[in-house]
Amino acid sequence: GRAMRELKMFEKGDNPQLTSDKDRTMIQEVLTEGLSRLKDKNIEALLLLELIGVYRETIQTQAYREGEERTVISHFKYTFNSLEQTFPKRFDNYEYWAARGFYNELQGQLRQAKELYLFALNGPQVKPHERLALAESIYDVYLKMPDYDKALNALTVLLNIYDEYKAQLNMPSFRVN
């Protein structure tokens, strides 16, 4: 799923060389026939989670065509609800908690979204870049509330996480000493 996301193979027609019957991949089967046709429920769950991640990132980075925002948000919500109904409590990882928090943001449940992001931020398996993304999400939620004092505190936490990992992630320094 992650490799296909990087190759942008989640979109129909992105790679016309992969549309013949002999070259069909699992993701193309899903796109043309739906997830319900899959026989392996583990693959179905993982593909749903990946698809949710694609929609979430598309919305957050505004990487959609003009006029498609509502459609992409609708697809995200529908896919997230499908995952929750079909595979409840299946995942305990960054992708799941980021999607669940973002779903709550879209529903206007900002305090609950913040709590979910915070829960994920303190998880044992969270990678440095994921911690940065979660801390940024918490900051964004406080701005939307608006609670500027807490947003400033969240920004401080975000910068501290950044400082903690910048060497490890080979990131530039933003501060002048």
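Residues numbered from 1 in each chain as written. Predicted model: local features only at pLDDT ≥ 70, side-chain atom pairs only at ≥ 80, totals over all residues. Heavy atoms only, no water.

Brief notes about the packing of aromatic side chains
Applying the stated criterion to the full structure yields 6 aromatic pairs. Taking the centre distance of 6.3 Å and the plane angle of 20° together, the rings of Phe76 and Phe80 count as stacked. Of this pair, Phe76 and Phe80 both sit in helix 4 (residues 69-86), separated by 4 residues, roughly a single helical turn. Phe80 shares its class with Phe76; the two are buried. Judged by centre distance (4.8 Å) and plane angle (25°), the ring pair of Phe80 and Tyr103 falls under stacked. Here the residue Phe80 occupies a position in helix 4, and Tyr103 occupies one in helix 5 (residues 94-106), the gap between them amounting to 23 residues. We classify Phe80 as buried; its relative accessible area is 3%. Residue classification places Tyr103 among the buried residues on the basis of a relative accessible area of 16%. (Phe/Tyr/Trp six-rings, centres within 6.5 Å; stacked < 30°, edge-to-face > 60°. Helix = DSSP H or I, 4+ residues; strand = E, 2+ residues; numbered from the N terminus. Buried < 20%, exposed > 50% of the residue type's maximum accessible area, 1.4 Å probe, protein only.)

Details of the environment of Asn81
If you trace the backbone, Asn81 turns up in helix 4. A residue is classified by how much of its surface remains accessible, and Asn81, at 29% relative accessible area, is partly exposed. A sequence separation of 29 residues divides Asn81 from Ile52, and the C-alpha atoms of the two residues are 10.0 Å apart.

Quick word on the pattern of salt bridges
Under the defined criterion, the tally for this structure stands at 5 salt bridges. When salt bridges that share partners are traced, they join Arg56, Glu57 and Glu95 into one network. (Salt bridge = Lys/Arg side-chain N within 4 Å of Asp/Glu carboxyl O.)

A few points about the nonpolar core
Ranked by size, the top nonpolar core spans 40 residues in total, and within it Phe76, Leu83, Tyr96, Tyr117 and Leu134 carry the most contacts. When residues of this core are traced back to their parent elements, those giving at least two are helix 3 (41-60), helix 4, helix 5, helix 6 (110-121), helix 7 (128-144) and helix 8 (148-165). If we skip the residues at most four places from it in the chain, Leu83 touches Ala45, Leu48, Leu49, Ile52, Pro88, Phe91 and Tyr96. (Core = buried A, V, L, I, M, F, W, Y, C linked by side-chain atoms within 4.5 Å. Contact = heavy atoms within 4.5 Å.)

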